Amino acid sequence: MKYYGVFGNPIAHSKSPMIHRLFAEQTGQQISYEALLAPLDGFPAAVAEFFKIGSGANITVPFKEEAFALADQLSPRAQRAKAVNTFKKLSNGSLLGDNTDGAGLVNDLLNNQVLLAGQKILVLGAGGAVRGVLEPLLAQAPAEVCIVNRTVEKAEQLASEFADLGAMTACGYDWIDAPVDIIINGTSASLSGDLPPLADTLIKASHTVCYDMMYSKNTTVFNQWAQQQGAARTLDGLGMLVEQAAEAFYLWTGVRPDPTPVLQALRAQL
Ligand code: ATR
């Protein structure tokens, strides 16, 4: 038996234990996976205790930056993200920090037949969630990724940090009105049911695809807006959640699970 878990605070409602249990059943892996509540001021100690027996862990809010600082080694994508959502204990006992969030987003978009290469993409928000997905997104060779943020300086900072990986621009919400191919909402606005101040002209009817990195039982506020504007398709972040988990499961076990039935089970349970 190998031991895995997810660290967060709060963590009781995490869907990760269910996702990994289903992956393990599907692939015949003998694993235990639990939700691990770490004290806000005691994350390093909780990690040290767990890895006396643990083989790997996921890390969620609010510990991803602390996990980045704690890792002994970092994958290139975690280095770029400056955040770690997955630890793997290596054979020499050291902790590898990885970040599977961006791969989760890109895999979910590709699973849904959303073409990324050559497309003009708006990414809303310039916080940790957006930073975490930029490298894998740019690896798909979009024509341009424009970071849109209320605080424009933060968008400019991110755009310059990732400019070596592709065509990056930055702007404020009131600078943009031309239609784009894809809009990805990476702001935390959905959490409070708010909508970023978007122009009504950004969506080309029956063409633009909108993706909310958040998910909820009912259509998110951003996706409601997109549907009202005639977006070709709206997708929410439940697929990203399952895909980032699949990527972590693969890192740990070397086995790639099929995310489709797990996503269906999760959606049914919402
Ligand atoms: P996270 O780790 O989830 O990315 P964060 O680092 O606090 O959280 O970043 C939140 C992002 O959502 C920021 O880009 C924030 O914009 P500002 O940098 O201008 O504050 C954005 N955001 C939050 N609420 C928003 C709203 N109501 N409208 C537009 N953007 C919002």
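In what follows, the accompanying structure is described. (Residues numbered from 1 in each chain as written. Predicted model: local features only at pLDDT ≥ 70, side-chain atom pairs only at ≥ 80, totals over all residues. Heavy atoms only, no water.)

### Let's talk about the layout of surface pockets
1) Next: If you add up the space inside the largest pocket, you get close to 1,500 Å³.
2) Next: Surrounding the largest pocket, 48 residues form its lining, Val61, Lys64, Ala129, Leu191 and Met214 being those nearest its centre.
3) Next: Among the secondary structure elements, those contributing two or more residues to the lining of the largest pocket are strand S3 (54-59), helix H3 (64-70), helix H6 (128-138) and helix H9 (238-253).
4) Next: Looking at the lining of the largest pocket, its residues break down into 23 nonpolar, 18 polar and 7 charged.
5) Next: Of the domains in this structure, domain 1 (2-99 + 241-269) and domain 2 (102-236) are the two that each give at least three residues to the lining of the largest pocket.
6) Next: Each pocket or cavity is described by its volume, and for the second largest pocket that value is around 240 Å³.
7) Next: What lines the second largest pocket is a set of 13 residues, and nearest its centre among them are Asp108, Asn112, Gly239, Leu263 and Arg267.
8) Next: Counting only elements with at least two residues in the lining of the second largest pocket, the list comes to helix H5 (101-111), strand S12 (233-236), H9 and helix H10 (259-269).
9) Next: Tallying contributions element by element places H10 first for the lining of the second largest pocket, with 4 residues.
10) Next: Looking at side-chain class alone, the lining of the second largest pocket contains 4 nonpolar, 5 polar and 4 charged residues.
11) Next: Each of domain 1 (2-99 + 241-269) and domain 2 (102-236) contributes no fewer than three residues to the lining of the second largest pocket. (1 Å grid on protein atoms, 1.4 Å probe; cavity = no way out; pocket = protein on both sides within 12 Å on 5 of 7 lines; lining within 4 Å. Points joined across faces, edges and corners; volume = space filled by probe spheres on them. Helix = DSSP H or I, 4+ residues; strand = E, 2+ residues; numbered from the N terminus. Nonpolar A, V, L, I, M, F, W, Y, C, P; charged D, E, K, R; others polar. Domains from an automatic or database assignment.)

### Considering a nonpolar patch on the surface
1) Next: A contiguous nonpolar surface patch, about 340 Å² in accessible area, is contributed by Met1, Tyr3 and Ile53.
2) Next: Mapped onto the fold, methionine 1 is located in the segment before strand S1 (2-8). (Patch = residues over 30% accessible without salt bridge, like charges linked within 9 Å, V, L, I, M, F, W, Y side chains within 5 Å. Areas by Shrake-Rupley, 256 points an atom, 1.4 Å probe, with all protein chains shown as cover. Salt bridge = Lys/Arg side-chain N within 4 Å of Asp/Glu carboxyl O.)

### Re the environment of alanine 71
1) Next: Along the chain, alanine 71 turns up in the loop between H3 and strand S4 (73-74).
2) Next: The buried category is assigned to alanine 71, whose relative accessible area is 14%.
3) Next: A C-alpha to C-alpha distance of 15 Å links alanine 71 and threonine 60, two positions 11 residues apart in sequence.
4) Next: Each residue touching alanine 71, except ones within four places of it in the same chain, is listed here: Phe87, Leu95 and Gly97. (Buried < 20%, exposed > 50% of the residue type's maximum accessible area, 1.4 Å probe, protein only. Contact = heavy atoms within 4.5 Å.)

### Some remarks on the pattern of salt bridges
1) Next: Scanning the entire structure with this criterion turns up 11 salt bridges.
2) Next: Among the ionic pairs, aspartate 98 bridges to arginine 77, the shortest N-O distance being 2.8 Å. Separated by 21 residues along the polypeptide, aspartate 98 in strand S6 (residues 95-98) and arginine 77 in helix H4 (residues 76-81) bring together distant segments of the chain.
3) Next: The exposure class assigned to arginine 77 is partly exposed, which follows from its relative accessible area of 23%.
4) Next: Ionic pairing is found between lysine 82 and glutamate 161, a salt bridge with its closest N-O pair at 3.6 Å. Remark: glutamate 161 occurs in helix H7 (residues 152-161) and lysine 82 occurs in the loop between H4 and strand S5 (86-89); sequence separation between them is 79 residues.
5) Next: Here lysine 82 falls in the partly exposed class, since its relative accessible area comes to 39%.
6) Next: What emerges from the salt-bridge pattern is a single network uniting Arg77, Asp98, Glu247 and Arg256.

### Quick notes on the site of the ligand
1) Next: Contacts to the ligand come from 15 residues, most closely from Ala126, Asn149, Arg150, Thr151 and Lys154.
2) Next: Here alanine 126 contributes a backbone N or O atom positioned 2.8 Å from an oxygen atom of the ligand.
3) Next: With the chains in place, 71% of the 650 Å² that the ligand exposes on its own is no longer accessible.
4) Next: Looking at the shell around the ligand residue by residue, the class counts come to 5 nonpolar, 7 polar and 3 charged. (Near = heavy atom within 4 Å. Polar contact = N/O pair within 3.5 Å; in protein donor to acceptor, adjacent residues only side chain to side chain.)

### A look at the sheet that holds S4
1) Next: If you trace the 6 strands from one edge of the open sheet to the other, you get S2-S1-S3-S5-S6-S4, paired in mixed fashion. On the outer flanks of this sheet lie strand S2 (31-37) and S4, each paired with one strand and no other.
2) Next: Note that S1 and S2 share 7 bridges and pair parallel. Paired with phenylalanine 7 across the strands is leucine 36, a residue of S2.
3) Next: Contacts from helix H2 (residues 43-50) reach S1, S2, S3, S5 and S6, with the element oriented near 170° to S1. (Pairing = 2+ DSSP bridges. Axes fitted to C-alpha atoms, helices over the stretch in contact; angles between N-to-C directions.)

### A short note on the packing of aromatic side chains
1) Next: Inspection of every chain in the model, using the stated rule, returns 9 aromatic pairs.
2) Next: An aromatic cluster of three or more residues is present, and its members are Phe7, Phe43, Phe50, Phe51, Phe63 and Phe87.
3) Next: Its end group placed over the ring of phenylalanine 162, arginine 80 keeps NZ or CZ at 5.5 Å from the ring centre.
4) Next: A cation sits over an aromatic face here: arginine 256 above tyrosine 250, 4.1 Å from the ring centre. (Phe/Tyr/Trp six-rings, centres within 6.5 Å; stacked < 30°, edge-to-face > 60°. Lys NZ or Arg CZ within 6 Å of the ring centre and 35° of its normal.)

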